[in-house]
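Observations on the three-dimensional arrangement
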Amino acid sequence: MGDTVDKIIQQWRHERPELDLAPMAVTARLARLAALLERGVDDTLAAQGLASWEFEVLASLRRNGSPFVLSVGRLQATMMISSGTMTHRLDRLEKRGLVARSKDLNDRRGIQVSLTPDGRILIDNVIEARLARERDLLTTLDKDQQTDLASLLRGLLTAMEQ
């Protein structure tokens, strides 16, 4: 019994037996898992009335700590998006009453983004729902396996981010 990646590897082995397919056994699984996990999390966010990009903005502000304020530039850098995309996202969140923009008192050209009380309530509820969903998605692994996997992935990610 195998997974989808086993079938793909088997097909490549048949067609190109000289290839070392070991990297694909890892990377294809990571890619497929990322897509499936994202779909599961996106469903949870949608049930809470949020798109993934909305979650990203609200979560960035919330996890930054009180007073839940970041400059537009810092938010934009966190999400690696263009200034136009950031402006559009903030416009939509501001219309929903989840964030507020104000002038940066330390930088006349800067804009600060703050989480509103409604935004904080929403993101606090959403992060709890998201973590519950992620916990459900990982039930096939016990706690030790999850810890081991997290450690292995941390090492890989650290190396790739450099």
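The coordinates are above.
Below you will find a few notes about this structure. (Residues numbered from 1 in each chain as written. Predicted model: local features only at pLDDT ≥ 70, side-chain atom pairs only at ≥ 80, totals over all residues. Heavy atoms only, no water.)

What follows is about the overall build of the protein. If you tally the helices and strands in the protein, you get 7 helices and 3 strands. The N-to-C order of helical and strand elements in the protein reads α-α-α-β-α-α-β-β-α-α. For the protein, whose C-alpha radius of gyration is 20 Å, the value lies well above the compact-globule estimate of 15 Å for 162 residues. Oriented by its inertia axes, the alpha-carbon framework of the protein measures out at about 65 × 30 × 25 Å. Counting across all 162 residues of the protein, residues that qualify as buried make up 24%. (Helix = DSSP H or I, 4+ residues; strand = E, 2+ residues; numbered from the N terminus. Rg over C-alpha atoms; globule rule 2.2 N^0.38 Å. Buried < 20%, exposed > 50% of the residue type's maximum accessible area, 1.4 Å probe, protein only.)

Turning our attention to helix α4 (residues 72–79). Each α-helix turn comprises 3.6 residues. Residues three or four places apart therefore point the same way. Considered for burial, the residues of α4 that qualify are Leu75, Gln76 and Met79. End-on, the buried residues of α4 take up no more than an arc of 100 degrees, which puts them together on one face. Turned more than 90 degrees away from the buried face of α4, the exposed residues are Arg74 and Ala77. Count one or two residues on from α4 and you reach Met80, which has phi positive near 50 degrees. (Arc of directions from axis to C-beta.)

Strand order in the open sheet made by the 3 strands is β1-β3-β2, with antiparallel pairing throughout. Two strands lie at the open edges of the sheet, namely β1 (69–71) and β2 (99–103), each paired on one side alone. Mean inter-strand twist for the sheet, computed between neighbouring axes without regard to direction, equals 30 degrees. α4 contacts β1 and β3 (111–115) of the sheet and is inclined by roughly 85 degrees relative to β1. (Pairing = 2+ DSSP bridges. Axes fitted to C-alpha atoms, helices over the stretch in contact; angles between N-to-C directions. Contact = heavy atoms within 4.5 Å.)

In this section: unusual backbone geometry. At the junction of Ser66 and Pro67, the peptide bond is cis and its omega measures out at 15 degrees in the coordinates. By the secondary structure assignment, Pro67 is in the loop between α3 (52–63) and β1. With a phi angle near 50 degrees, Met80 is a residue other than glycine that sits in the positive phi range. Relative to the helices and strands, Met80 is located in the loop between α4 and α5 (83–95).

Right, let's talk about helix α2 (residues 22–47) for a bit. Taking 1.5 Å per residue, 26 residues should reach 38 Å; α2 reaches 38 Å between its end C-alpha atoms and fits that length. Among the residues making up α2, those that are buried are Ala28, Gly40, Val41, Thr44 and Leu45. Residues of α2 that are buried in the fold lie against α1 (4–15), α3 and α6 (117–137). The positive-phi residue at the C-terminal boundary of α2 is Gly49, with phi of around 85 degrees. (Expected span 1.5 Å × (residues − 1).)

Mapping Glu54 onto the fold places it in helix α3. Look at Glu54 and you get buried, because its relative accessible area is 5%. In this structure, Glu54 is in contact with Gly49, Leu93 and Arg96, ignoring residues within four places of it in sequence.

Quick look at a nonpolar patch on the surface now. On the surface, Val26, Leu30, Leu149, Leu153, Leu156 and Met160 cluster together to form a nonpolar patch covering roughly 500 Å² of accessible area. Those elements that place two or more of their residues in the nonpolar patch are α2 and α7 (143–161). It is α7 that provides the largest number of residues to the nonpolar patch, a total of 4 residues. The partly exposed category is assigned to Leu156, whose relative accessible area is 37%. (Patch = residues over 30% accessible without salt bridge, like charges linked within 9 Å, V, L, I, M, F, W, Y side chains within 5 Å. Areas by Shrake-Rupley, 256 points an atom, 1.4 Å probe, with all protein chains shown as cover. Salt bridge = Lys/Arg side-chain N within 4 Å of Asp/Glu carboxyl O.)

In short, the description is geometric, and any link to function would need to be established separately.
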